[in-house]
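Observations on the three-dimensional arrangement
Chain by chain, the residues:
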Amino acid sequence: MEIDSYNERKAFDETKAGVKGLVDAHITEVPPIFRLPQGTLSNKKPSVSTSAIPIIDFADVDVSREGIVEKVKDAAEKWGFFQVINHGIPLSVLEEIQGGVRRFHEQDLQVKKSYFTRDLSKTFLYNSNFDLFNSSSLCVNWRDTFVCCMAPDPPNPEVIPLACRDAMIEYSKHVMSLGGLLFELLSEALGLHSEMLKSMDCMKGLNMVGHYYPPCPQPDLTFGTSKHSDSSFITILLQDQIGGLQVLHQDSWVDVSPIPGALVINIGDFLQLVTNDKFISVEHRVLANIAGPRISVAGFFSTNMLPNSTVYGPIKELLSEENPPKYKDFTLEEYTKGYFDKGLDGTSHLSKFKM
Ligand code: OGA
Ligand code: NI
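Now for a quick tour of the structure. Just so you know, these numbers come straight off a predicted model, no measurement behind them.

1. Notes on the pairing of strand S7 (residues 234-239)
For S7, a buried count of 6 out of 6 residues is recorded, marking the element as mostly surrounded by other parts of the structure. Alternating residues of S7 divide into Ile234, Ile236 and Leu238 and Thr235, Leu237 and Gln239, and every residue in both groups is buried. By the bridge criterion, 4 bridges tie S7 to strand S10 (residues 263-267) in an arrangement that is antiparallel. Its bridge partner being in S10, Ile234 is matched across the sheet by Ile267. Both S7 and strand S12 (residues 294-301) contribute to a ladder of 5 bridges, which runs antiparallel.

2. Details of the nonpolar core
The biggest cluster of nonpolar side chains holds 73 residues, and the ones touching the most others in it are Phe58, Tyr171 and Leu186. The greatest single-element share of this core, amounting to 11 residues, is contributed by helix H6 (residues 165-189). The residues contacting Tyr171, other than those within four sequence positions of it, are Ile89, Val93, Leu94, Ile97, Met208, Ile236, Leu238, Leu263 and Val297. The next biggest cluster of nonpolar side chains, apart from the first, holds 17 residues, and it includes Trp79, Phe81, Val254 and Val286.

3. Here's the deal with helix H3 (residues 65-78)
Along an α-helix, residues three or four apart share an orientation, since each turn contains 3.6 residues. In this model, H3 (14 residues) spans 20 Å end to end at C-alpha, consistent with the 20 Å of a helix rising 1.5 Å per residue. All of the buried residues along H3 are Ile68, Val69, Val72, Ala75 and Ala76. Down the axis of H3, the buried side of the element spans an arc of 130 degrees, and every buried residue falls inside it. As for H3, its buried residues are in contact with strand S1 (55-57), strand S2 (81-85), H6 and S10. Taken from the residues just after H3, Gly80 is the one with a positive phi, measuring 70 degrees.

4. Comments concerning the coordination of the nickel ion (ligand 2)
Perfect tetrahedral coordination of a metal by four donors corresponds to 109.5 degrees between them, and perfect octahedral coordination by six donors corresponds to 90 or 180 degrees. For the nickel ion (ligand 2), the protein coordination sphere consists of His228 (NE2), Asp230 (OD) and His284 (NE2), at 2.0 to 2.1 Å. The sequence pattern describing where the donors of the nickel ion (ligand 2) fall on their chain is H-x1-D-x53-H. Of this pair, Asp230 sits in the loop between strand S6 (223-228) and S7 while His284 sits in strand S11 (residues 284-287), and the two are 54 residues apart along the sequence.

5. Structural notes on the side chain of Glu184
On the secondary structure map, Glu184 appears in helix H6. Apart from residues lying up to four places away in sequence, Glu184 is in contact with Arg65, Ser194, Glu195 and Lys198.

6. Digging into H6
The end-to-end C-alpha distance of H6, which contains 25 residues, comes to 35 Å, matching closely the 36 Å that a straight helix rising 1.5 Å per residue would cover. Taking burial as the measure, the 25 residues of H6 include 18 buried ones, the bulk of the element. Looking at the residues trailing H6, positive phi occurs at Gly191, about 80 degrees.

7. So, the layout of surface pockets
Of the pockets and cavities examined, the largest pocket occupies roughly 320 Å³. Lining the largest pocket are 17 residues, and of these Leu120, Thr336, Lys337, Phe340 and Asp341 sit closest to its centre. Among the elements that make up the lining of the largest pocket, the one with the highest residue count is helix H9 (residues 332-342) (5 residues). Residue composition of the lining of the largest pocket, by class: 6 nonpolar, 6 polar and 5 charged.

8. Some details on the environment of Cys216
With respect to the helices, strands and loops of the structure, Cys216 is situated in the loop between strand S5 (206-213) and S6. Its relative accessible area of 1% is what places Cys216 among the buried residues. C-alpha separation for the pair Cys216 and Pro293, spaced 77 residues apart in sequence, amounts to 8.8 Å. Excluding residues within four positions of it along the chain, Cys216 makes contact with Val30, Trp142, Thr222, Ala288, Asn289 and Ile290.

Scoring rules and cut-offs
- Residues numbered from 1 in each chain as written.
- Chains lettered and ligands numbered in written order.
- Predicted model: local features only at pLDDT ≥ 70, side-chain atom pairs only at ≥ 80, totals over all residues.
- Heavy atoms only, no water.
- Buried < 20%, exposed > 50% of the residue type's maximum accessible area, 1.4 Å probe, protein only.
- Helix = DSSP H or I, 4+ residues; strand = E, 2+ residues; numbered from the N terminus.
- Pairing = 2+ DSSP bridges.
- Core = buried A, V, L, I, M, F, W, Y, C linked by side-chain atoms within 4.5 Å.
- Contact = heavy atoms within 4.5 Å.
- Expected span 1.5 Å × (residues − 1).
- Arc of directions from axis to C-beta.
- Donors = N, O, S within 2.8 Å, 3.2 Å for Na, K, Ca; no water.
- 1 Å grid on protein atoms, 1.4 Å probe; cavity = no way out; pocket = protein on both sides within 12 Å on 5 of 7 lines; lining within 4 Å.
- Points joined across faces, edges and corners; volume = space filled by probe spheres on them.
- Nonpolar A, V, L, I, M, F, W, Y, C, P; charged D, E, K, R; others polar.

And the structure:
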C-alpha cells in the first residue's frame, strides 16, 4: 500500500467515527482512499435481466415441504441466493433489529467509540472496513459495521450495547430457528437425512453483523461493499428499502430488490465446499447510494471466529466415481484466517482449497 494511502487510512481509523463521521462533518466529496481505481466503475448498473433472484414462500412448509425443497434446491444450485417470504419471523422483530442497528450507529459518539476495536477475539466489535489495512483491498468501502458473536456461547447481555441489546437477543433467537429449518431443507435438497447439516455443526456458530451504509455524496466513485462471497455455511440477510445489493449471475449483476418483510438467504463458501460444488457460494456486492443510511443485518452461520479443530471436506455421501472430491479437507479457523487476511479484494478464497 502507498504510504499516503496508509497514512490516510490510519487517520480515518483513528477518528473511530467511521464513514458516518465523515458524513456528519458534511464532506461533499468522497475522500481518495474510498475511490475505486479508474476504469473499474463501468459495470455498476445491473445488466437488464429478465430473470430475478427466486422468491420462495415458506407459508405452507408443513404441508407442501417437497415442493419447497425442490425450489430451495434449484435456487441453491443455480443462484446461490433466494429470498424467503412468510418465514415466520414477525415483522415487529425485523423492525426492532433494524432500529437497534440504526440506534447503535447513530448514538452518542463517545459511547460508540468505546466499542471500537479490531480485536477479533472480542464478542462485540465495531469498526469500519475489517480489511482497512490489508494491502490487497483496492479501496475502502462506504460502510460501518458491528459484529456480535451470538452462538455457540450466548454473550453475556452486558457485552451488547444497550442501543441494540434486546433487539439482538430476540432477533438472534428467531434467526437460529429459521436457520434450523433452512439446514433441514438444504439437507433434504441434497438427498440426505434432514438432520445431516445440523449434525455437522453447520449452525453451531452465529455471527450477527449490523451494517450501516451512510448516504454517499458521489455514489459512482465507491462501493458500499466490494464484491465477495461469504465465509459461512449460509447467511440470513435482512435489508431495508434502500436497495443496492447485487448478485453475480451468468456474468451479469442482478439487483436483489428489497421486499418488505422478506429475508435474503445465501449459500456461503463452506456449504459450497462440503457439497462439492453442488450448491454455489456466489459473489455479491453493495452499491453506494446518495440516499441513506441503508441498514442491513447479516447472520452468518459459522464458528469461524473461534478455535475449532473440526475438519471439514466434501460430504462422503455425495461423492462417487463420477463425482470425486474437488476440495481438500480444512478447518473453519484455517479458512477464515486466510479470508480475513486477504480482505474483500474481489478474489476467491475457496479456489485455494481446490484439489
Ligand atoms: C455481507 C453482505 C450485504 C448487505 O455482510 O457479507 O454481503 O446488504 N452484506 O449488507
Ligand atoms: Ni456477503
